[in-house]
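# Structural overview
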Amino acid sequence: MPIVCGPHFQKHWYNWWRGTLYWVGYGAVYLPEGFQEEVILAGLCIEGPEYPLVLYPTVMNSLPATSRMQKISVLLFLAWVCFLFYAGIALFTSGFLLTRLELTNHSSCQEPPGPGSLPWGSQGKPGACWMASRFSRLVLVLIDALRFDFAQPQPSHSPGEPPVSLPFLGKLDSLQRILEIQPHHARLYQSKADPPTTTMQRLKALTTGSLPTFIDAGSNFASYAIVEDNLMKQLASAGRRVVFMGDDTWKDLFPGAFSQAFFFPSFNVRDLHTVDNGILEHLYPTMDSGEWDMLIAHFLGVDHCGHKYGPHHPEMAKKLSQMDQVIQGLVERLENDTLLVVIGDHGMTMTGDHGGDSELEISAALFLYSPKALFPGAPPEEPEIVPQISLVPTLALLLGLPIPFGNIGEVMAELFSEVEDSQPHSSALAQASALHLNAQQVSRFLHTYSAAAQDLQVKELHRLQTLFSKASADYQRLLQRPQGAEAALQTVITELQQFLRGVRAICIQSWARFSLGRMAGGAALMAAACFLCLLVSQWATSPGFCFRPLLTPMACGLAGTIVCAGLLTTTGLKLDPVVLGAMAAAGSLLPFLWKAWAGWGSKRPLVALLPIPGPVLLFLLIRFAAFFSDSFVVAEARATPFLLGSLILLLIAQLHWEGKLLPPKLLTIPRLCFSASTGPPRHNGTHALGLGVGLLLCIRLAGLFHRCPEETPACHSSPWLSPLATMVGGRAKNLWYGACVGALVALLAAVRLWLRRYSNLKSPEPSVLFVRWGLPLMALGTAAYWALVSGADEAPPRLRALVAGASVVLPRVVAGLAASGLMLLLWRPVTVLVKATTGAPRTRTVLTPFSGPPTSRADLDYVVPQIYRHMQEEFRGRLERTKSQGPLTVAACHLGSVYSAAMVTALTLLAFPLLLLHAERISLVFLLLFLQSFLLLHLLAAGIPITTPGKYISQP
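Residues numbered from 1 in each chain as written. Predicted model: local features only at pLDDT ≥ 70, side-chain atom pairs only at ≥ 80, totals over all residues. Heavy atoms only, no water.

Naming follows an unreviewed UniProt entry, where the protein chain appears as GPI ethanolamine phosphate transferase 3, catalytic subunit of Leptonychotes weddellii. Its UniProt record gives the protein chain the following Subcellular location (unreviewed entry) comment, quoted word for word: "Endoplasmic reticulum membrane". For the record of the protein chain, the UniProt heading Pathway (unreviewed entry) holds the text "Glycolipid biosynthesis; glycosylphosphatidylinositol-anchor biosynthesis." (UniProt positions renumbered as here; feature names shortened; annotations may be inferred.)

## With respect to unusual backbone geometry
Glycine aside, a negative phi is what most residues show, and trans is what most peptide bonds show. Even without glycine at this site, Ala-145 takes up a positive phi of about 65°. Mapped onto the elements of the fold, Ala-145 is located in the loop between β6 (137–143) and α2 (173–181). According to the relative accessible area criterion, Ala-145 is buried, its value standing at 0%. (Helix = DSSP H or I, 4+ residues; strand = E, 2+ residues; numbered from the N terminus. Buried < 20%, exposed > 50% of the residue type's maximum accessible area, 1.4 Å probe, protein only.)

## Side note on the pattern of salt bridges
Tallying each qualifying case throughout the model produces 14 salt bridges. Here Asp-276 makes a salt bridge to Lys-319, at a shortest N to O gap of 3.2 Å. Residue Asp-276 is found in helix α6 (residues 274–289), and its partner Lys-319 is found in helix α8 (residues 314–333); the two are separated by 43 residues along the sequence. Put simply, Lys-318 and Glu-315 hold a salt bridge, and the shortest N to O gap is 3.5 Å. Separated by three residues within a single helix, Lys-318 and Glu-315 lie in helix α8, roughly one turn from each other. The network of salt bridges with shared partners includes Lys-470, Asp-474, Arg-477 and Glu-495. (Salt bridge = Lys/Arg side-chain N within 4 Å of Asp/Glu carboxyl O.)

## Structural notes on the pairing of strand β7 (residues 186–192)
Counting buried positions over the seven residues of β7 gives seven, a clear majority of the element. The alternating pattern of β7 places Ala-186, Leu-188, Gln-190 and Lys-192 on one face and Arg-187, Tyr-189 and Ser-191 on the opposite face, and all of these are buried. Here seven bridges tie β7 to strand β12 (residues 363–369), and the two strands are oriented antiparallel to one another. Residue pairing for β12: Tyr-189 is matched across the bridge by Leu-366. For β7 and strand β13 (residues 385–387), the ladder comprises three bridges, and the chain directions are parallel. Looking at β13, one finds that Ser-191 is bridged to Val-386. (Pairing = 2+ DSSP bridges.)

## Structural notes on the state of the cysteines
Evaluation of the coordinates by the stated rule reveals one disulfide. Each disulfide pairs two cysteine sulfurs, and for Cys-109 the partner residue is Cys-129, the sulfurs being separated by 1.9 Å. The sign of the S-S torsion, about -120°, decides the handedness of the disulfide formed by Cys-109 and Cys-129: left-handed. Taken together, the residues Cys-109 in the loop between α1 (71–96) and β6 and Cys-129 in the loop between α1 and β6 connect sequence positions 20 residues apart. Residue classification places Cys-109 among the partly exposed residues on the basis of a relative accessible area of 38%. Counting only cysteine sulfurs, Cys-530 is the nearest neighbor of Cys-533, a cysteine outside any disulfide, at a range of 6.4 Å. (Disulfide = S-S within 2.5 Å.)

Written out as structure tokens, the structure reads:
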């Protein structure tokens, strides 16, 4: 009887017991003796089960068995590959994620920052440390993400022009009113934050006066205690009482630094009111009690509103109005010895995000107010721009505290003017004294840091120290003759400011400077390791391949590198362990690559090793090269779809030129695992052309969802990427919600239809049952979560607690279901359903070639032969028992998707947690992504050549 199956099998010869080997094209299938009746192998075609082919028997007496690789050699080779990758990654990150040395030195009142007497005006005054204190109390209001333009008034419009109305403008009108009524008591500054603009790095800068480095950005969600000298430690050392309320990030940064604290959770960005309302509950009673010297209130509502709605939403206006009322209440309760500081730690983008270095992200508001006169003149028309870290030395000297040891900020000299003294000489001398103290502290830090680390430029350091020495000498001469030297005082102030700004510039340049040599070396080392894996993966398929010869050049290279490192060490040179590891990796890799080039390159070109079609490889190289061009990176949203569309057109043209297009329907016969359909044979490019047109359409639709980098000029992000909660109109929100749920249902339906077409939903296995019932539950939970978060603010007050709880529980349930499905899939990744029918009722048996994940190469390469072995064992006795009942028909379902079904299921399960992490309308993007993946795979499969011996025949 003929054996019927689909056309696609990989070329793996396998020698089983006795029997007949049936082959088709370049694939092989073993059918043991005893199966002399008709056997139908359903669903073997990649594109679909419509085109069965007939297998004809051929006798293979001797087939080469797979070579046995020595375990020790394989383990050594894998360890070598891991070492190569780790060495490359370490070398690259050492050049990219630069860090600076954190000094643990502390400033104290007993140790002045430099030689000389106390500054002018501090002798004999109470509370004098380095400088006499001007305030005994401080109220620090930190409004997270308070962008500078949030504090600006609504601009006046010219006649005939429409007024500019933005939700965030003019809502902090109390600041402008104070500036107009009390110009000598208040100032508004534009504070410039240093990137990265994440909360933990900004808090560190606002308390230490230092600069965060790139490596610190990774600890934003795992904050740890600050070891450097900071304002909190200085306050504690001076016995000041610090009361905190707000963001619980401070708890990890400054453990035990507060005499009283009210912490609230900070990372639920969808909660706009819990932290702010908790602060307001304790703020005014604490102020009225008077049991504090420094009061810190860290509000999060503005930042969370930006993340949830964006700055242009009406909710932002409500939140800023609430902050305005808070500022008014604080101003009314301030006493003359108290300074009020209102500051934003960073800004936000047009979409409410932060973390980068765009102008909107680094621009924050800084407002200072005191009930007594603080400034000698009226505020300027345009607010002054000051570095954010300048607040640290300024507050330290105003409170009579030592400046933190690692500070590199410059004091805001305007605040140290003698307002009550009408003599301009006195104000200039007071400013020069504050700047000189600040410069002495920075010079001491530079001297200590340069002795412990060598990452600052020596020539520039020498120039700055010379400038400081000259300015310090001029200042000491002025102290001896203070009268009649106004011009000389201004020169000293200018010199000190130049020194402080030069120090900050050199630190920014050194601590944020990439090491291009290390980055290039690490990338080259990882690329060479990938090429090594490619070579070995191709050689491993050859008969008789052994890993042991690969280890010889590796051992020689390592030995040579160790000898060279030993010789360098004996000469007294200091070797960086990262560089030493990279040298060892390169030394072990170069002999192998030379041997591979000499041995393999002389026989056949190395390009033949690449298992990637030529067009795909070409466009991958173009895409890789684009990352080295700033203009392509900026225009990435337009360049990438163009390259992908060009690739699709080239693939279709290549398939047409080479005549590799699959015939859509050649022959169809009735089968047990799916319904059949008939159609006339035809052979043209309509099938591939339809796939290409569908791909191009999906690419065009995906282009509607794009987010512009902040540095991209004249670019506007898609408004469809914002959450539904940011929409004001109820009808539009409902329509978009329906579209999102429809996309989610379409995605789930597409996956289920694909699995059903290949008969992957007929098995009673747990993983299959989870796909049938678990995925709909996950989709239902996701849709319910979207409904809650998009309309949480519209819920009745008595249901808001329930909505908030459900908004937390539903994502966890969906994530738990996804994890359960992945565990079931890992337990039984490959399942084949086998049906046997005779004159008796139909029987069903589920066969799995192995349990759990694949443990060897044979598990991956020989799935189908193992299934036949199971079939032989399962039906050996049944063949004898059913001979009298008629011929036995055995059907093995979904063999053609034995790998892809597990992969598609895993990707679908992973998609649900990702959907919960993004805005609702991202579901449309996920649907397009899955459609593009299916269409592209089918288009690539259309180019697989099919050759069959004999004729196509129908079922007898």
